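Commentary on secondary and tertiary structure
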Amino acid sequence: MSRPPLEVADVFRAHARDFLKSRGGLVSSAKKKVLRAVVACRTAELGGYRYECTNECGYERYAYKPCGNRHCPKCQARPRALWLEARTNDLLPVEYFHVVFTVPGAVAKIALQNKKVMYDILFKASARTLKKIGADPKHLAARLGFIGLLHTWGQNLQHHPHIHYVVPGGGFSPDGTRWISCPPGFFLPVRVLSRLFRGIFLELTRKAFQRGQLSFQGHLAPLADPDALAAFLDPAYRKNWVVYAKPPFGGPAQVLKYLARYTHRVAISNQRLVGFHDSKVSFRWKDYAHANRPRVMTLSAIEFIGRFLLHVLPKGFVRIRHFGFLANPVRAKRLEECRALLTASGLATTSIDVAPAEDFVEALDAPCPRCGNGRLARHELDRVPGLDPFLGPQGIDSS
């Protein structure tokens, strides 16, 4: 794959020092670590390999090692491919649905200062909502399984936490003896999901505050007072929270294609960048408020870096989670039971015909692309620290 003409790393290399100075020492060590990783990725700073032809035709090429950071735009292909390969075995021959849960702006402001707690609440509240409404006899009366993917950004890189769920269209009957299918093309009523999600989320937030798990700084500092927090959140109790169900995927092949786009995604890909001149960055984005109209946004490099780093997740936070009969401890057993019930009842709505995930593993001992007779031998390259001033002794702390 050829290198894009412009990369996020180029902006970081040019203006990371300016960004750090502008923030006056308020940048967390986690964000500094991301800055350093993205800048060093696939450079001599991390070492790499030299490939040469064993036939001595003179061909050689260099490949530098990736940083492996989950926020790096260049390091997601291989983990995504491996994850997708594992998920291929989890697909069921049923219709699949896509449901998105998001939160109001006031709640997002609290979440930005309390990422670990509030993102976890977002997962818990939305998953409990799906399970409860799915099990309700008024609706599906089934025990569901689903995969959740946390995204924290909008197209303009502003903070916009939301979760995408991929849900098989049905589930186990309460006694586990039957597969109950959703009506064709319809999952669950979004208005009912929205109201229950709002209630569970705000209750979990209230309990987290009572346990002292929330902290507030800067303009949100007054919310440390219980009455002030209650007044701040009061409008959220009356607001309609956005929960929407997209058109169903139709089958497993479409599900895998969707997951290939959405898993292991970072705030912005290198392919969306269109310009970097005079300390300003321009990138493509879709204006969802105006029929997904394509637009170009230009930000100062410092603002661009700041928005990118808004989406650095807390250390160890799991942003892809499995629930219900797809939960990790029970998934293999429950999927076997699902397939048996679907086969016995004749409820399978589609066959599974999914191409294998792309193999991103570097080919070893490959034929020489120049002469075709020799093989490519690989030689380890030592790391070359501090090639870039940003990475040298005066650079940022790598902790």
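Being a predicted model, the structure only gives us computed values, none of them experimental.

**Overview of the overall build of the protein**
Helices and strands together make up the secondary structure of the protein, namely ten helices and 13 strands. Overall, the C-alpha framework of the protein stretches about 70 × 60 × 40 Å when taken along its three principal axes. Counting over 399 residues, the protein shows a buried share of 48%. Considering only contacts in the protein between residues 6 or more positions apart, those separated by 24 or more positions represent 73%. As displayed, the protein has an accessible area near 20200 Å², and 53% of this comes from carbon and sulfur atoms. Averaging the coordinates of the 58 positive side-chain charges in the protein and doing the same for the 31 negative ones gives two points 7 Å apart.

**Comments concerning the pairing of strand S10 (residues 280–287)**
Here strand S9 (residues 273–277) runs beside S10; their pairing, made up of four bridges, is antiparallel. Within the sheet, the bridge partner assigned to Leu-273 lies in S10 and is Phe-283. The turn linking S10 back onto strand S11 (residues 293–300) is made up of five residues, and Ala-291 within it adopts a positive phi angle of 55 degrees.

**Digging into the packing of aromatic side chains**
The tally for this structure, following the rule as stated, stands at 21 aromatic pairs. Relative to Phe-308, the ring of Phe-12 lies with its centre 5.4 Å away and its plane at 85 degrees, an arrangement referred to as edge-to-face. With Phe-12 in helix H1 (residues 8–22) and Phe-308 in helix H9 (residues 301–309), the pair connects residues that are 296 residues apart, well separated along the chain. Grouping residues by exposure puts Phe-12 and Phe-308 together as buried. Ring plane angle 70 degrees and centroid distance 6.0 Å describe the contact between Tyr-119 and Phe-317, whose orientation is recorded as edge-to-face. Highlighted residues: Tyr-119 in helix H5 (residues 115–135) and Phe-317 in the loop between H9 and strand S12 (320–324), separated in sequence by 198 residues. On the basis of relative accessible area, Tyr-119 is assigned to the buried category, the value being 1%. Through a chain of ring-to-ring contacts, three or more aromatic side chains come together here, namely Phe-101, Tyr-119, Phe-123, Phe-146, Tyr-165, Phe-197, Phe-201, Trp-241, Phe-317 and Phe-323. The side chain of Arg-61 reaches across the aromatic face of Tyr-51, ending 4.3 Å from its centre. Residue placement shows Arg-265 over the ring face of Tyr-262; its charged tip is 4.5 Å from the ring centre.

**Quick notes on a positive patch on the surface**
On the surface, a cluster of positive charge is made up of Lys-257, Arg-261, Arg-265 and Lys-286. Checked against the element boundaries, Arg-265 lands in the loop between helix H8 (252–262) and S9. Given the relative accessible area of 30%, Arg-265 is considered partly exposed.

**A few points about the pattern of salt bridges**
All told, the structure shown has 17 salt bridges when counted by the stated rule. Linking Asp-120 and Arg-321 is a salt bridge whose minimum nitrogen-to-oxygen distance equals 2.8 Å. Taken together, the residues Asp-120 in helix H5 and Arg-321 in strand S12 connect sequence positions 201 residues apart. Across the pair, Arg-321 and Asp-120 agree in class, each one buried. Between Glu-203 and Arg-206 there is a salt bridge, with the nearest N and O atoms lying 2.4 Å from each other.

**Digging into the sheet that holds strand S8 (residues 243–246)**
If you trace the five strands from one edge of the open sheet to the other, you get S8-S3-S5-S4-S12, paired in antiparallel fashion. Only two strands of the sheet have a single partner each, and these edge strands are S8 and S12. In this sheet, adjacent strand axes meet at a mean angle of 25 degrees when their direction is disregarded. Where strand S4 (residues 145–153) lies against S12, five bridges are found, and the strand directions are antiparallel.

Rules of the game
- Along every chain, residues carry numbers that run from 1 in the direction the sequence is written.
- Confidence filtering applies because this is a predicted model: local features only for residues at pLDDT of at least 70, side-chain atom pairs given and counted only at 80 or more, and all residues used for totals across whole chains, interfaces and linings.
- To obtain the side-chain values, all non-hydrogen atoms of the structure were included, while hydrogens and water were left out.
- Under the DSSP-based scheme used, a helix requires at least four consecutive residues in state H or I and a strand at least two consecutive residues in state E, with every element numbered from the N terminus.
- Relative accessibility thresholds used throughout: buried, under 20% of the residue-type maximum; exposed, over 50%; partly exposed, between the two (1.4 Å probe, protein chains only).
- In what follows, a contact means two residues having at least one pair of non-hydrogen atoms within 4.5 Å.
- Surface accessibility follows the Shrake-Rupley procedure with a 1.4 Å probe radius. Residue values consider only the protein chains on display as shielding.
- The charge count treats Lys and Arg as positive and Asp and Glu as negative. His and the chain ends do not count.
- To locate a charge, the coordinates of NZ of Lys, CZ of Arg, CG of Asp or CD of Glu are taken.
- Here a strand pair is declared whenever DSSP counts at least two bridges between the two strands.
- For Phe, Tyr and Trp, where Trp contributes only its six-membered ring, two rings pair if their centres lie within 6.5 Å, and the inter-plane angle classes them as stacked under 30 degrees, edge-to-face over 60, or tilted in between.
- The criterion for a charge sitting over a ring is simple: Lys NZ or Arg CZ within 6 Å of the ring centre, and within 35 degrees of the ring normal.
- Patches here: salt-bridge-free residues with over 30% relative accessible area, like charges joined within 9 Å, nonpolar side chains (Val, Leu, Ile, Met, Phe, Trp, Tyr) joined within 5 Å.
- Salt bridge, as applied in this entry: a Lys or Arg side-chain nitrogen positioned within 4 Å of an Asp or Glu carboxyl oxygen.
- Inter-axis angles, ranging from 0 to 180 degrees, are taken between N-to-C directions of lines fitted to C-alpha atoms, where helices are fitted over the stretch in contact.

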